[in-house]
Amino acid sequence: THTHTPYTAMRTSALLELILEYIFEGGVVVLILYAATSLRALYALVVITSVLAFAAVHFIREVSIHNRDNKFLAETIEHVKRYAEDHPEVKQRRLLFLINPRAGKGNGVQNMQEDVKPVLEAAGVQFDEVVTDHAHQAEELVQTTDISKYDGIVSLGGDGMLLEVLTGLANRSDDAGRSMALGTVACGTSCAFSTTMHGRGTSSRRQIRIVSAACAVCNQRRTCDVLSLDLGGNRKFALSEAGWGISGIICQKSESLRCLPWNARYRYALSGVMAGMQWPIECRGKLTYLKDDDSEDTIEFTACNLIASKLAVLGNGHPISFAIKPNDGKITVTITPSSLGAFGMAKAGLAMAVAGVPLADQDGMITVTTKEFVLEPAPGSTAPYVIDGDTFPVQTLKLQVLHKKMDVFATV
């Protein structure tokens, strides 16, 4: 029987973080009102009361979510037990788990213990686990280790961790990785790919992790596309997106703020404000892409942002285009012209985050769907690229969608 850590022991830090986040969110308003009013004692009382009320409401909400997730875990454990009884071959399966202990809030090892192991042990699946201690270690292990004894490799971290595993398999000197199924357990900041694969029917990040483990146990697979990129002669792979402009600047600044104790969405929000202070942001270049009839077309543009997305939703719930699918062999490129200005860019961001309007469907956007393109930045461009959460210097970028090249443990 799997025993859970008591709620109070698990959530004390979360409660403190909620209070800090609330103070951070309202910091600007606090300063403005404090300077504008002489009723400072009364105002201080209102602020303190508001913070305590906010913390209490969110603590109750956290308790409710935690209890619901525990129930979901118990139901999943019963499901995989029944599945293992009906499919004895499950106990012969062996999986390799690669854990990034620093991903997201640094809870990778804890997530493995609390959300993944109970599901694996309930089904009787054999597994090995490796906790990485430096960047690209997962790639090195997968590239050089004998993986023939495994039926699948699962990464615990962000989308970048899965990308390391994929790159390691692609660079092997043998064919051992060609039929290897991959899995991902969401422990990173946004985990757009993992959320797309496992997010249907779940209501929390923890439930997504539990479903990920169940899919690996039951060998439930889905075939997905892979993005192949050529950056100045260097070949790289991606799963979700390639961006240029304000998206690259935000990602770059967010990494510099990773040491701060805030939830990732606040780190990105602050990075967005910092990026906006660099306005105007102009990315000039030429996009040459293949149309449906395989003929070429070219767009010359001056933009504040360009995003090429393989997933319908990126980041923390920002819809890009609902027309795109993970295995349709295409990618949507959306260009935000500089003529929209800072206000237009902010309006587009709010429409995505608040109203759920896909970026590609908004007024003024330039959108194309293709399977291959070449992006040639004009001389003097300085904003970085962002590719699946990592930033790269701007240079000629060639991108091709590799149709159905990867088997992933996923809901179908």
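Every value quoted in this text rests on a predicted model; they were computed, and no experiment measured them.

So, how was this worked out
- Residues numbered from 1 in each chain as written.
- Predicted model: local features only at pLDDT ≥ 70, side-chain atom pairs only at ≥ 80, totals over all residues.
- Heavy atoms only, no water.
- Salt bridge = Lys/Arg side-chain N within 4 Å of Asp/Glu carboxyl O.
- Helix = DSSP H or I, 4+ residues; strand = E, 2+ residues; numbered from the N terminus.
- Buried < 20%, exposed > 50% of the residue type's maximum accessible area, 1.4 Å probe, protein only.
- Phe/Tyr/Trp six-rings, centres within 6.5 Å; stacked < 30°, edge-to-face > 60°.
- Expected span 1.5 Å × (residues − 1).
- Pairing = 2+ DSSP bridges.
- 1 Å grid on protein atoms, 1.4 Å probe; cavity = no way out; pocket = protein on both sides within 12 Å on 5 of 7 lines; lining within 4 Å.
- Points joined across faces, edges and corners; volume = space filled by probe spheres on them.
- Nonpolar A, V, L, I, M, F, W, Y, C, P; charged D, E, K, R; others polar.
- Contact = heavy atoms within 4.5 Å.
- Axes fitted to C-alpha atoms, helices over the stretch in contact; angles between N-to-C directions.
- Parallel < 35°, antiparallel > 145°, perpendicular 65-115°, else oblique.
- Left-handed = near helix turned anticlockwise from the far one by under 90°.

**Q** Describe in detail the pattern of salt bridges, supporting the description with residues and values.
**A** The full count for this structure, using the stated rule, is 12 salt bridges. The salt bridge partner of Arg221 is Asp407, with a shortest N-O separation of 3.6 Å. Placement of Arg221 in strand E5 (residues 221–231) and of Asp407 in strand E17 (residues 397–409) is noted, with a sequence separation of 186 residues between them. Note on Arg221: relative accessible area 31%, which makes it partly exposed. The residue Glu376 makes a salt bridge to Lys286 at a minimum N-O spacing of 3.7 Å. Of this pair, Glu376 sits in strand E14 (residues 372–377) while Lys286 sits in strand E8 (residues 283–290), placing them 90 residues apart in sequence.

**Q** Quick one: what's the story with unusual backbone geometry, residue by residue and with numbers?
**A** Even without a glycine there, the phi angle at His136 is positive, about 70 degrees. Mapping His136 onto the fold places it in the loop between strand E2 (126–131) and helix H5 (137–144). Its relative accessible area of 45% is what places His136 among the partly exposed residues. The phi dihedral of Asn219 falls on the positive side, at around 55 degrees, and the residue is not glycine. As for its position among the elements, Asn219 is in the loop between helix H8 (205–217) and E5.

**Q** Describe the packing of aromatic side chains, with residues and values.
**A** The tally for this structure, following the rule as stated, stands at three aromatic pairs. When the centroid spacing of 6.0 Å and the interplanar angle of 65 degrees are considered together, the rings of Trp244 and Tyr385 count as edge-to-face. Remark: Tyr385 occurs in strand E15 (residues 385–387) and Trp244 occurs in strand E7 (residues 241–245); sequence separation between them is 141 residues.

**Q** Lay out H8 with the relevant residues and their values.
**A** Helical periodicity: at 3.6 residues per turn, an α-helix aligns residues three or four positions apart in one direction. A rise of 1.5 Å per residue sets the reference length of H8, with its 13 residues, at 18 Å; its end C-alpha atoms lie 19 Å apart and thus fit the reference within 8%. Of all 13 residues making up H8, 12 are buried, and the element is well covered by its neighbours. Among the residues of H8, those classed as buried are Arg206, Gln207, Ile208, Arg209, Ile210, Val211, Ser212, Ala213, Ala214, Cys215, Ala216 and Val217. Looking one or two residues past H8, Asn219 carries a phi angle of roughly 55 degrees, positive in sign.

**Q** Which residues make up the pairing of strand E9 (residues 296–309), and what are the values?
**A** Relative to E9, E7 is paired through five bridges, and the arrangement is antiparallel. Counterpart to Glu241 in the pairing with E9 is Ser309. Across eight bridges, the pairing between E8 and E9 is antiparallel. When the bridges of E9 are listed, Tyr289 appears paired with Asp297. Counting the residues between successive antiparallel strands, the hairpin from E8 to E9 contains five residues, one of them, Asp294, with a positive phi of roughly 70 degrees. The sheet contact formed by E9 and strand E12 (residues 331–337) spans six bridges and is antiparallel. Bridge assignment links Ala308 to a residue of E12, and that residue is Val333.

**Q** Can you break down the layout of surface pockets residue by residue, with the values?
**A** To locate leftover empty space, one rolls a probe as large as a water molecule over the atoms. A volume near 470 Å³ is recorded for the second largest pocket. Taken together, 18 residues form the lining of the second largest pocket, with Leu166, Ala170, Gly177, Arg178 and Lys405 sitting closest to its centre. For the lining of the second largest pocket, the secondary structure elements donating two or more residues are helix H6 (159–170), strand E6 (234–238) and E17. With four residues, E17 is the single largest residue contributor to the lining of the second largest pocket. Class assignment for the residues of the lining of the second largest pocket results in nine nonpolar, two polar and seven charged.

**Q** Lay out the environment of Asp159 in plain terms, naming residues and giving numbers.
**A** Relative to the elements of secondary structure, Asp159 occurs in helix H6. Given a relative accessible area of 10%, Asp159 falls into the buried group. Apart from the residues within four sequence positions on either side, Asp159 is in contact with Cys191, Ala192, Phe193, Ser194, Leu239 and Ser240.

**Q** Talk me through the side chain of Gln137; I want residue IDs and the actual numbers.
**A** Examined against the element boundaries, Gln137 turns out to sit in helix H5. Exposure remark for Gln137: the relative accessible area of 13% places this residue in the buried category. When near neighbours in sequence (up to four residues on either side) are disregarded, Gln137 contacts Val131, Thr132 and Glu164.

**Q** Describe the packing of H5 against H6, with residues and values.
**A** Axis separation between H5 and H6 bottoms out at 7 Å; the angle between their running directions is 30 degrees. Judged on the interaxial angle alone, H6 and H5 are roughly parallel. Viewed along their axes, H5 and H6 form a crossing whose handedness is right-handed. Within the contact between the two elements, H5 uses Gln137, Ala138, Glu139, Val142 and Gln143 and H6 uses Met161, Glu164, Val165, Thr167, Gly168 and Leu169. Looking at side-chain class alone, the contact of H5 with H6 contains five nonpolar, four polar and two charged residues.

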